[in-house]
Amino acid sequence: MRKTSPPLLMNRRRLLTTGAVALAAPAILPRSVFSQTPKTIRIGGAVPLSGPVAYWGHSTAQGFGDGAAVINAAGGVMINGEPHMIEVIDYDTKGEVADSRAATLRLVEQDKVKYVYSQAAASTVGMLQVTEPAGVLSIVACWGYLDLFGKNYPLHFRAETSDYEQGFAYIPFMQEKYGKDALKTAAFIGPNDQDGTDCHASYKRLMDYYGITQKSAEFYNWEDTDFYPIVAKTIADPPDFIVTSPSPPGITASIIKAARELGYTGPISSPAASETTTILEVAGEHADGVVLPVTNVSPSTDTQKAVEKRFMERFGTFNALAGNYSWWIYSLKAAWEMAGTAEDTKAVAEALAQVQLEDTYVGRVKWGGEKSFGVARQGIYDCYTTTIDKGVAQVEDVRFPALPDDY
Amino acid sequence: MSDFLQMGLTGLSLGLMYALIAIGLTLIFGVMRIIQYAHGEMFMLGAFALYYWHAELGLPYWAGVAFSAGLIFCLGAVLQVVLFKPLQGKNILYSLAVSLGLVLIISGSGQLLFGTTTKGIPSAVSGGMLIGGAYLSYERIVISAVSIGLIIALWAFLRHSVTGFAIRAVAEDPQTAALQGIRTDRVHWIAFGIGSAMAAIAGCMMGTLLSIVPTMGFLATIKAFMIVIMGGLGSVIGALIGGLILGMIDSVVTTTISGDIAIILSFVVIFLILVFRPSGLFGQNWD
Amino acid sequence: MDKTDIIASPNRLVWAGLLLLALAAPFLVGFDLYLIHVGITISFNVALATSLWMIWSLGVISFAHAGFMGIGAYASALVLTKLGLSMWYGLWIGAVISALFAMLIAVPLMRTRAVYFFMASWAVGEVIKRNFAYFKDFFGGWDGVFDIKPPVLDLGFLQIDFADRLAYYYLALFFVALTVWIIYRMNASRTGMIWWAIHENELLAQHTGINVFRQKVVCFTIACTLVGVTGALYAHYQTYISPKSFDIWKSEFALVHLIVGGLTTVGGPVAGAISLTMVDEALRATGYFRTIFFGVVLIASVLLLPGGLETIPARIRRLFNRKSKE
């Protein structure tokens, strides 16, 4: 027993000495000695890490944490032949606008970050107040708030394919699966806040494009616990299918369950609910006929399997959502290398819009939307559509959204 | 006609569920005169206890409900002794603050321990029946029956058992009760435990019907307070009536008009009840 | 509530020191823009907590407080976006609308007492918030109001653009100091004594000839006016507001500041708001622990430091007295 402790102490002491020397060294030695140490690029995260939407924030942060470790281990980002290491700093926003603004201010002003990522509408709105005037490039997952996107925000990228672009993949798929004539009318159920209204707007554009009549649109409160009333109202005049964008998995599952119990049998598509296990657990045998776009429940390619394996090792969990966000950092890396700079965010933004990745967790990725928004800042990628049938969820379709010419 | 029946049935089952959450809260307030803002967190922990018992370990459902109730009873009793006992007799604000702290700690640690993904508890029963064109699932019937059963059991317990008498005596006048030889400390932790266990059972029921996340407690707290305030703090019947009123507003107004109006209307109703009956529908006048 | 030794002690020196420190703070932090932002946040929280404390002097806590902050904020924001009038008008219009609405709502609200008051006021706060969301065309719905520009002060010889953060810091500091000063003076006046009399025993106060109902309405209205001004300042600093900015959590955190700081003097909410805003900021990088740790601080301060931060000077004094006796 006595013999085990001294080495430990020695170890700690040695560690302390080494640490102290390492800390003191830059002060004593001339700078040129350190010219070999690689430069760093800082990426800041202004994401909800606590509160009700922490799930989304952690999923996004995991993508950056994992990506930075992988890139650094492989020698970093090569800009003009010089390796740069990536450092990721995450700050909590609680999913609130004002708090997100504060987090972004801290990233930009104290940590001198030139690249910020964010998640969900509230955090994005707060972040954008800071990043765009400061010339900081931002990359986010945010649907709706289209006033805050496009030409006037040239440094602002929306990496997550929104419910609108997804529609050009999953509606053709559903038309093939169920037959065009079986899907003539649709209804919408969403939350009564801005997310719900924005998603309703893009849903309407989609339905108009495909010539589908909208029967009703119902909005629930986030405080609602039971969805019987809202579903009963929706299916009073039954539509051919129901869209529940952007309801999270738990609420989607409750809506599905209520709809099936009240006798509705048509397909229900949910562009935001990526947790198939939740839907299966909650809705049980009622979950049949559910269509979940951009949900890859079974990684099939080598890249996808590698992502799943690394996330499990690093974070102990993996979900399809985190997988969907894992490519963002690689597109930034490609942009830095293409632009030959990490300092000039305008040049990086121009380069980033050109970046195309062939093999990511979500398959092929590119940036689009020139005609709709004036700039190519919207991420578009392969849509992995999962369906639930007889209590089993599986990827039934993979296709790149067939966007209209004027997109 | 069947539309109205559906609305009525939905409102009834919803109201009974709400009442189940609220009844524990009203008991805790009635006996201790403290605000237990973390009541919803007990609801959440109860649901997660059942989740790990039934969905993860695969043990029987109803035994899991009993296990969850027992576990949360103990947790509630411990919390009462450790945190709320020192606040006895102080301003009600302090209990509000401590329980608010509990909300932050429990929901935050819940996210850390249980993960942030939404989970579901597989139901014990499935299927349903049509009554005059309106659908009623067996699951909802079971939940309503559990609610009614527990409310009656609690009522009978308070009426007819010795401990129930002691609880009512302490609620009526703690000092006189103590003079009569009632151990008020014991009554306090028992009542707190029972109240928390009721929340846990409600969590098991609602968690099975809907889905569970570590942050779901806050919504339950909001609903519970809305009901308890409507019915009058400390009144079991009040909680039942309040739950039914809220359930009916949620069902009927959401179906006929919209969800926005339903929630605004429920707050307006609460406000009006308090203005015209400043102690709620069945409440006593606390100061 | 024991307030024999605290309420009477003249703490002018401490107040002057605090004000000086606040004035010098930007210089002390080397004009770090982010820390100045934290300073502005602290100012808003101090104003919110102290005006809530003013309602507390009646013996109740209003959960509609964030809602009235929202009324001030929305009024001022809409005056700018719809009428094109700058904050110098919006501030006062916001205050007046807050005051009118507070007076109107206080008449029925003050019928409720003790714990029922919390809940009735909470219902008021929720209805305010939800009306902002429901009337989309007028208030902008959940989307909120964007582009609420900070004002420019034109003195003829000097132009101050409050888009500059340092300038806004001093503007916020001016108003928060004014708010605290007004509340301090009101509290020390005869009216303040009447409010504390109502706090201690409403029935007795009534029997000594105090028009309890009128006093309650007056106090509530003044507090809501002050928080309405804070709301207007908040809106023009954040440049964006939505109904979610004024939900129950804002009132609850103001209450937490109050309880951790102390309930018997105006120094309590000031100390609580300053210290807890800093703690919250320091914990930003810790994810879940931000909420968990906040909860621990709250419980610990209630159980281990009864009376809050404001009792620390007295505790230290007592400690020294005991030592000198030994």
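In this text the structure is predicted, and so the values were computed from the model without any measurement.

Moving on, we come to the overall build of chain B. Counting its secondary structure elements, chain B contains 11 helices and 2 strands. Along chain B, helices and strands appear, N-terminal first, in the series α-α-α-α-β-β-α-α-α-α-α-α-α. At 19 Å, chain B has a C-alpha radius of gyration in line with the 19 Å of a compact globule built from 287 residues. Its C-alpha atoms give chain B principal-axis dimensions of roughly 60 × 50 × 35 Å. Taking the contacts inside chain B whose residues are at least 6 apart along the sequence as the reference set, 77% of them involve residues at least 24 apart.

With that settled, consider the overall build of chain A. In terms of helices and strands, chain A carries 14 helices and 16 strands. A globule of 407 residues ought to have a C-alpha radius of gyration of about 22 Å, and chain A, at 24 Å, matches this closely. Evaluated residue by residue, chain A yields a buried proportion of 56% over its 407 residues.

Now for the nonpolar core. If you look at the biggest cluster of nonpolar residues, it comprises 334 residues, and the most contacted ones within it are Leu-20, Ala-200 and Ile-201 of chain B. Two domains share this core, each providing at least three of its residues, namely domain 2 (39-161 + 299-376) and domain 3 (164-293 + 388-399) of chain A. Those residues in contact with Leu-20 of chain B that sit more than four places away from it in its chain are Ser-147, Leu-150, Met-198, Ile-201, Ala-202 and Met-205 of chain B.

To continue, consider the interface of chain C and chain B. Each partner contributes residues to the interface: chain C has 29 residues there, and chain B has 34 residues. The element best represented in the side of chain C that touches chain B is helix H5 (residues 114-134) of chain C, accounting for 11 residues. Residue composition of the side of chain C that touches chain B, by class: 21 nonpolar, 3 polar and 5 charged.

In this section: helix H6 (residues 162-172) of chain B. Helical geometry note: an α-helix holds 3.6 residues per turn, so side chains three or four residues apart project in the same direction. All names here are of chain B. Every buried residue of H6 is accounted for by Ala-166, Ile-167, Val-170 and Ala-171. Axial view of H6: buried residues confined to an arc of 135°, hence all on one face. Exposed positions of H6 whose direction lies more than 90 degrees from the buried face are Val-162 and Glu-172. For H6, the elements touching its buried residues are helix H1 (2-32), helix H5 (138-160), helix H7 (174-179) and helix H8 (184-209).

With that settled, the discussion passes to the sheet that holds strand S15 (residues 383-389) of chain A. Residue and element names in this part refer to chain A. If you walk across this open sheet you meet the 7 strands as S8-S7-S9-S10-S11-S15-S16, and the pairing is mixed. Looking at strand neighbours, the two that pair on one side only are strand S8 (213-220) and strand S16 (392-399), the edges of this open sheet. Relative to strand S9 (residues 241-243), strand S7 (residues 185-191) is paired through 3 bridges, and the arrangement is parallel. Along S9, the bridge assignment pairs Ala-187 with Ile-242.

With that settled, consider the environment of Ile-55 of chain C. All names here are of chain C. Looking at the element boundaries, Ile-55 is found in helix H2 (residues 33-56). The spatial distance from the C-alpha of Ile-55 to the C-alpha of Phe-220 is 5.9 Å, given a sequence separation of 165 residues. For Ile-55, the residues in contact, after removing those within four places along its chain, are Val-60, Ile-61, Ser-62, Cys-219, Phe-220 and Ala-223.

Once that is clear, we can look at H5 of chain C. If you check H5 of chain C, its first and last C-alpha atoms are 30 Å apart, about what 21 residues at 1.5 Å a residue would give, namely 30 Å. The element H5 of chain C is extensively covered by neighbouring structure, given that 18 of its 21 residues are classed as buried.

Looking now at the confidence of the model for chain A. Any region with low pLDDT has predicted coordinates that should not be read closely. Taken residue by residue, chain A gives an average pLDDT of 87. The fraction at 70 or more is 91%. Of the regions scoring below 50 in pLDDT, residues 1-35 of chain A engages in 1 contact with residues more than four places distant in sequence or in other chains.

As a further point, take the interface of chain A and chain B. Across the boundary between the two partners, chain A contributes 34 residues, which contact 34 residues of chain B. Listed by contribution, the elements that provide at least two residues to the side of chain A that touches chain B are helix H2 (54-73), S8, helix H7 (228-234), helix H8 (249-261) and helix H9 (276-283) of chain A. Broken down by class, the residue content of the side of chain A that touches chain B amounts to 14 nonpolar, 12 polar and 8 charged.

Looking now at the packing of H8 of chain A against H9 of chain A. The packing of two helices is summarised by the inter-axis angle and the distance between the axes. Residues and elements named next belong to chain A. Two numbers describe how H8 lies on H9: the axes approach to 9 Å, and their chain directions differ by 35°. Like other packed secondary-structure pairs, H8 and H9 cross with a definite hand, here right-handed. Residues Pro-249, Gly-250, Thr-252, Ala-253, Ser-254, Ile-256 and Lys-257 of H8 form the contact with H9, whose participating residues are Thr-278, Ile-279, Val-282 and Ala-283.

On to unusual backbone geometry, then. Residues and elements named next belong to chain A. The amide bond that connects Ser-245 to the next residue, Pro-246, takes the cis arrangement and shows omega of -10°. Checked against the element boundaries, Pro-246 lands in the loop between S9 and H8. For Lys-94, which is not glycine, the phi dihedral falls at a positive 55°. Mapped onto the elements, Lys-94 comes out in the loop between strand S3 (82-92) and helix H3 (97-110). On the neighbour-count criterion, Lys-94 (24 C-beta atoms within 10 Å) is buried. The residue Tyr-145 is not glycine, and still its phi comes out positive at about 45°. Structurally, the position occupied by Tyr-145 is in the loop between strand S5 (137-141) and strand S6 (156-158).

Here we take up the pairing of S16 of chain A. Residues and elements named next belong to chain A. Sheet topology note: the S15/S16 ladder contains 7 bridges and is antiparallel. Looking at the pairing, Asp-389 lines up with Val-392 of S16. With antiparallel pairing between neighbouring strands as the criterion, S15 and S16 make up a hairpin whose turn holds 2 residues, including Lys-390 at a positive phi of roughly 50°.

Moving on, we come to the confidence of the model for chain B. For chain B, per-residue confidence averages 88 on the pLDDT scale, and 98% of positions sit at 70 or higher. We note a pTM of 0.88 for the whole complex and an ipTM of 0.87 for its interfaces.

Glancing now at the pairing of S8 of chain A. For a regular strand, side chains alternate in direction, first toward one face of the sheet and then toward the other. Summarising the sheet, S7 of chain A and S8 of chain A pair through 7 bridges and their orientation is parallel. From the neighbouring strand, Ala-187 of chain A faces S8 of chain A, where its bridge partner is Ser-216 of chain A.

For the rest of this paragraph, the subject is the packing of H1 of chain B against H8 of chain B. Residue and element names in this part refer to chain B. Two elements in contact, H1 and H8, have axes separated by 8 Å at closest approach and are oriented at 170°. The angle between H1 and H8 places the two elements in the roughly antiparallel class. Here the contact of H1 with H8 is built from residues that sort into 19 nonpolar, 4 polar and no charged.

Here the focus is the environment of Asp-240 of chain A. Residue and element names in this part refer to chain A. Note on placement: Asp-240 falls in the loop between H7 and S9. Exposure remark for Asp-240: the 18 C-beta atoms within 10 Å place this residue in the partly exposed category. Remark: the alpha-carbon pair of Asp-240 and Ile-268, spanning 28 residues in sequence, is separated by 9.2 Å. Ignoring any residue separated from it by four or fewer positions in sequence, one finds Asp-240 in contact with Ala-182, Leu-183, Lys-184, Thr-185, Ala-186 and Gly-266.

Rules used in this analysis
Residues numbered from 1 in each chain as written. Chains lettered and ligands numbered in written order. Predicted model: local features only at pLDDT ≥ 70, side-chain atom pairs only at ≥ 80, totals over all residues. Helix = DSSP H or I, 4+ residues; strand = E, 2+ residues; numbered from the N terminus. Rg over C-alpha atoms; globule rule 2.2 N^0.38 Å. Contact = placed C-beta atoms within 7 Å. Buried ≥ 20, exposed ≤ 12 C-beta atoms within 10 Å, placed from the backbone. Core = buried A, V, L, I, M, F, W, Y, C linked by C-beta atoms within 7 Å. Domains from an automatic or database assignment. Nonpolar A, V, L, I, M, F, W, Y, C, P; charged D, E, K, R; others polar. Arc of directions from axis to C-beta. Pairing = 2+ DSSP bridges. Expected span 1.5 Å × (residues − 1). pLDDT = per-residue confidence, 0-100. Axes fitted to C-alpha atoms, helices over the stretch in contact; angles between N-to-C directions. Left-handed = near helix turned anticlockwise from the far one by under 90°. Parallel < 35°, antiparallel > 145°, perpendicular 65-115°, else oblique.

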